[in-house]
Amino acid sequence: TERMRIDSSGRLLIGSSSHVDNGGIEAHLQVLGTGTDDTSIILSRYSNDGSSPFLVFSKSRNGSIGGNTVLQDGDRIGRIKFFGNDGTDGSTPAAEIDVEVDGTPGSNDMPGRIVFKTTADGASSTTERMRINSDGTVAIGPNTDGHALLTLSQSASAHLNALAIQQGNTGSSSSDGLFIGIDSNADAFIFHKESRNIEFGTANTERMRIDSSG
């Protein structure tokens, strides 16, 4: 039984005699199958140390293999993209993770950011939902920089414009937990939606509380 072939275009096909493309990409290494084992890739390292296997993405602006030309701010270094078949083809993405240059690179200096994207229901392309910038700031929602943690929604709904802190005893709906945010009138709020206290303290000692009765 045929297990592998190199076709006339130089593609290495494992598990199939014909290639596929997703999103217009006809990869030169394709692992094709119908089950878990024949569609999985394992990287295992056996060594008596703390090191692991590597999956490496590399990018240069040089047009020759092995050439060294510095990247520019905003260049994408690597992308992982997930496609689902929509009944017509397998070229519609559901999500992606991008790594991009986030600043001006120099010798032994490569500032980077990670961008997470998902495709909304009814859409056919991905939209940025979260990014981690080179300075460690995190932006959640439409991209905005300059905050340690930013949650931003295009909706005026108060619970969507809030940082929600929830755990197993509170539940996970919009009426559970502690919410810190901005309402539809752009007023700021701190709401504890449980029948419990809000406690304030310094030096690891409680100094003031608002109990559940107000």
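Quick summary incoming for the structure in this document. (Residues numbered from 1 in each chain as written. Predicted model: local features only at pLDDT ≥ 70, side-chain atom pairs only at ≥ 80, totals over all residues. Heavy atoms only, no water.)

**Concerning unusual backbone geometry**
Of all residues except glycine, most have a negative phi; of all peptide bonds, most are trans. Stated precisely, the cut-off is as follows: Secondary structure elements are taken from DSSP: a helix is a run of H or I of four residues or more, a strand is a run of E of two residues or more, and numbering for both begins at the N terminus. We call a residue buried when its accessible area falls under 20% of the maximum for its residue type, exposed when it is over 50%, and partly exposed in between, using a 1.4 Å probe and counting protein chains only.
Positive phi outside glycine occurs at Ala203, with the angle close to 50°. Looking at the element boundaries, Ala203 is found in the loop between β13 (198–202) and β14 (205–210). Accessibility expressed as a relative area gives 68% for Ala203, which makes it exposed. Unusually for a residue other than glycine, Asn204 sits at a positive phi of about 60°. When you line up the elements, Asn204 lands in the loop between β13 and β14.

**A short note on the pattern of salt bridges**
Condition: Between Lys or Arg on one side and Asp or Glu on the other, a salt bridge is scored when a side-chain nitrogen of the former is within 4 Å of a carboxyl oxygen of the latter.
As enumerated under the stated definition, the model contains 15 salt bridges in all. For Lys81, the salt bridge identified is with Glu96, shortest N-O distance 3.5 Å. In this pair, Lys81 sits in strand β4 (residues 76–84) while Glu96 sits in strand β5 (residues 92–101), placing the two residues 15 residues apart along the sequence. Residue classification places Lys81 among the partly exposed positions, given a relative accessible area of 33%. Overall, Glu96 belongs to the buried group, its relative accessible area being 3%. Among the ionic contacts, a cluster of salt bridges with common partners joins Arg79, Lys81, Glu96, Asp98 and Lys117.

**Quick look at the sheet that holds strand β3 (residues 29–31)**
By way of backbone hydrogen bonds, the strands of a sheet pair with one another, either parallel or antiparallel. For clarity, the cut-off: When DSSP finds at least two bridges between two strands, those strands are taken to pair. Between the N-to-C directions of two axes lies an angle of 0 to 180 degrees, each axis being a line fitted to C-alpha atoms and, for a helix, fitted only over the stretch in contact.
Here we have three strands laid out as an open sheet, ordered β1-β2-β3, and mixed in their pairing. Both outer strands of the open sheet, β1 (4–6) and β3, are each paired with one neighbouring strand and no more. Along the sheet, successive strands turn relative to each other by an average axial angle of 10°, direction set aside.

**Notes on the packing of aromatic side chains**
Note the cut-off: Each Phe, Tyr or Trp ring, with Trp reduced to its six-membered ring, pairs with another whose centre is within 6.5 Å; inter-plane angles below 30 degrees give stacked pairs, above 60 give edge-to-face pairs, and intermediate values give tilted ones. Should the NZ of a Lys or the CZ of an Arg lie within 6 Å of a ring centre and within 35 degrees of the ring normal, that charge is described as sitting over the ring.
This structure, assessed with the given rule, holds one aromatic pair. Measuring from centroid to centroid gives 5.5 Å for Phe189 and Phe191, while their planes differ by 65°, and the two rings are edge-to-face. A cation over a ring is seen here: Lys193 above Phe179, with NZ or CZ 4.5 Å from the ring centre.

**A word on the side chain of Asp75**
So the rule is basically this: In protein, a polar contact requires one atom able to donate a hydrogen and another able to accept it; more generally it is a pair of N or O atoms within 3.5 Å, and residues adjacent in sequence count only if both atoms are side-chain atoms. By definition, residues are in contact when any of their heavy atoms lie within 4.5 Å.
In this structure, Asp75 sits in the loop between β3 and β4. On the basis of relative accessible area, Asp75 is assigned to the buried category, the value being 11%. Polar side-chain contacts of Asp75 include one of 2.6 Å to the side chain of Arg61. Within the structure, Asp75 has its side chain in polar contact with the backbone nitrogen of Gln72 (distance 2.9 Å). The contacts of Asp75, once residues within four sequence positions are left out, are Arg61, Val99, Glu100 and Val101.

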